[in-house]
Amino acid sequence: MTAFSRRHFVSTAAAGTSALWTTGSPASWASTGPGPAEHPGSDIHEKTVRDAAMTWRTLPADWQQAPFLANGCLGAQLYAGRTANTLKLMISHSQVQDQRGQWRGGIGFSRLPIGYFTLTLDGEITAVDWTLDLYDAELRGTVTTTRGSLALSALVQNDTGALLVSTRPTTGEESAAWSFQWLRAATTRTSGRPEDYTPNPDPRTGDGFVEQPLLAGGGWTTERREGTGRLLAAHLVYRFPGRVSEATDDALRAVDRTLATGPERLVDRHRRWWHAYYRRSFLSVPDKRLQSFYLIQLYKLAAATRADDLRVGPVVPRGRQQLDRGLVEPQRPDRHGPRPRLQPPRTRLGDGRLPPLRAQPPHLGPGRLPRRRELRAGPPLRLAAARGRHL
């Protein structure tokens, strides 16, 4: 009689479970998804937030231009891979850091690289059509290649931290597949790095997991599984103090629960949290461009924080979504909707009141935009922008 390990049994069972994700209503999650105009029953909150969706019509070249998904701990960004027929899904996590106190904080407690998923396609990528739906906090769209096309949906589930990516290839791209590449667990800082600095050891890899130990003890494990339903499910578990083997066991169980729960419940719970968040943080602004900018900042803030963790989470891009050099970008989080207060309150955007802003400093000349440090909380005065424009 052939002996089967627990991991082999769980992987086989999960493959059968994942197949259910492509039958019935779950299949719609892998579609490109309806646009704002296709929600006839939507109210003003939903319509306004969906109108602020970010779109990509050209393939982003790096993480600074990429769509980003996160739940305050796990983050993911999708952009061009190393070759013309690949996409890279870079992973980050707010808890993953070194624990060597003999060096200064930027080195000894540095955040550490984790790794990235690669989606390898049959043909070379010729076009993308992606939409980051802020209201659902999901990325949907298509990738067109010289051999066919592929529809995808992706999210980082809000309460479980599961990375879920569903793909639906057309004829010519049936063999599209995911792989994972770990990165060396060493600080990326070069300034001030001591001569005796030693990177953490290489990870232990196995069937669907990467177990990364730390020299200080503990570590993290990235567990992923892909079934016949073309669903990629992944979890990352970090343990310090503790044993890295505990992280591996917990990550395996987390993926088991994700695949056993079913897509309807996971996606529904995820969307309900984000919908409630925008309702509590809603602010109506006559200028549609400024309104969209405000909603994008709300999305970024919720993606980077959690109620049970004071650390600012995965890195989110700041350049391409800013307005006028980020004149009103919230740099110091306070309390937006259900997210935590990270410092004594100075602004309360979540309760419907605008933060007081100082008027344009008198020393600014024509055409001179104020720096962010010149826009601080103060007496409620009119904010005059450059060149005579008023907000």
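Quick note: structure is the one above.
This section reports on the structure supplied with the text. (Residues numbered from 1 in each chain as written. Predicted model: local features only at pLDDT ≥ 70, side-chain atom pairs only at ≥ 80, totals over all residues. Heavy atoms only, no water.)

### Focus on the nonpolar core
Residues F117, W130, L134, L163, W220, Y278 and Y299 are the most contacted members of the largest nonpolar core, which totals 55 residues. Here the element with the most residues in this core is helix 6 (residues 288–304); it accounts for seven residues. Counting residues in hydrophobic clusters, the runner-up holds nine residues, among them A162, L231, A233 and V267. (Core = buried A, V, L, I, M, F, W, Y, C linked by side-chain atoms within 4.5 Å. Buried < 20%, exposed > 50% of the residue type's maximum accessible area, 1.4 Å probe, protein only. Helix = DSSP H or I, 4+ residues; strand = E, 2+ residues; numbered from the N terminus.)

### What about the sheet that holds strand 3 (residues 74–80)?
Reading across the sheet, the five strands line up as 2-3-4-5-10 and stay open at both edges, with antiparallel pairing between neighbours. With one partner strand each, in any of the chains shown, strand 2 (68–70) and strand 10 (177–182) form the two edges of the open sheet. In this sheet, adjacent strand axes meet at a mean angle of 20° when their direction is disregarded. (Pairing = 2+ DSSP bridges. Axes fitted to C-alpha atoms, helices over the stretch in contact; angles between N-to-C directions.)

### Structural notes on the sheet that holds strand 1 (residues 54–56)
Taken in spatial order, the nine strands line up as 1-6-7-8-9-14-13-12-11 in an open sheet, and their pairing is antiparallel. In this open sheet, the two edge strands, each paired with only one partner strand, are strand 1 and strand 11 (204–206). Each strand of the sheet is rotated relative to its neighbour by a mean of 10°, with strand direction disregarded. Packing of helix 5 (residues 263–280) onto the sheet brings it into contact with strand 7 (138–145), strand 8 (149–156) and strand 9 (163–169), and relative to strand 7 it is tilted by some 120°. (Contact = heavy atoms within 4.5 Å.)

### Describing the pairing of strand 4 (residues 86–93)
The element strand 4 is largely enclosed, with a buried count of seven among its eight residues. Note that strand 3 and strand 4 share seven bridges and pair antiparallel. For A76, the partnering residue across the bridge sits in strand 4 and is I91. Counting the residues that bridge the hairpin from strand 3 to strand 4 gives five residues. Across six bridges, the pairing between strand 4 and strand 5 (residues 115–120) is antiparallel. Paired with T86 across the two strands is T120, which belongs to strand 5.

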